[in-house]
Amino acid sequence: MKNSILIASMIWLLAMTQVQAQNVQTGTLNSTTTSTFNYMKEGVKMPYCVKVQESRNYNTKFDIADIGKIVKDRISTPVKVSKLITVTNNSNPQDNRTIALKYDKQGADTFKLVSNEKGFTINVDNRIMEYIMGKGIYFANIADRDFFMVDEFDSIE
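Computed from a prediction, not measured in an experiment: that's the story for all the values here.

Here we look at the packing of aromatic side chains
The full count for this structure, using the stated rule, is eight aromatic pairs. Ring centres of Phe147 and Phe148 lie 5.1 Å apart, and the angle between their planes is 80 degrees; this geometry places the pair in the edge-to-face category. The pair Phe147 / Phe148 is uniform in exposure class, with both members buried. An aromatic cluster is present here, built from Phe37, Tyr39, Tyr48, Phe120 and Tyr131 joined pairwise through their rings. Between the NZ or CZ atom of Lys83 and the centre of the ring of Phe111, over which it lies, the distance is 3.9 Å. The ring of Phe147 carries Arg127 above its face, with NZ or CZ at 4.2 Å from the centroid.

Quick look at the sheet that holds strand β7 (residues 112–115)
Taken in spatial order, the four strands make up an open sheet running β7-β8-β9-β10, and their pairing is antiparallel. Looking along the sheet, the strands with just one partner apiece sit at the ends: β7 and β10 (136–138). Neighbouring strand axes in the sheet, compared pairwise and without regard to direction, differ in orientation by 25 degrees on average.

About the criteria used
- Residues numbered from 1 in each chain as written.
- Predicted model: local features only at pLDDT ≥ 70, side-chain atom pairs only at ≥ 80, totals over all residues.
- Heavy atoms only, no water.
- Phe/Tyr/Trp six-rings, centres within 6.5 Å; stacked < 30°, edge-to-face > 60°.
- Buried < 20%, exposed > 50% of the residue type's maximum accessible area, 1.4 Å probe, protein only.
- Lys NZ or Arg CZ within 6 Å of the ring centre and 35° of its normal.
- Pairing = 2+ DSSP bridges.
- Helix = DSSP H or I, 4+ residues; strand = E, 2+ residues; numbered from the N terminus.
- Axes fitted to C-alpha atoms, helices over the stretch in contact; angles between N-to-C directions.

Below, the structure is given as structure tokens:
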């Protein structure tokens, strides 16, 4: 009798764990990328380091018509993307910055971080944000400013 109660409670616990695992409809992705670039200051190349920490939160939604079915069609939902960009310049600590960049995306992400003479450019799905060393963030197109949610902070070391 004692063993049957133990076995029944273990089966019940396993079943509840399995049911809970099936109900979770989110996922996350975290990654870190470090790059070293140069910018021109008074004709001299100055090195700096850019570290990008990315976090994505995925939500899963299913078609309402598929309620009760075993095989369900997934509805495409926007992914919440957050990138923490840390700029470190050992030559000039006043250039050290942290940028919090957030946006929603659909499908495959085309995030590109490209160096230029003044700093670096971030291109996400043909929306461009430029970071100019010593000056800050610059948007060439006003509509791109609405796509990104940006916060810029001084880094404290």
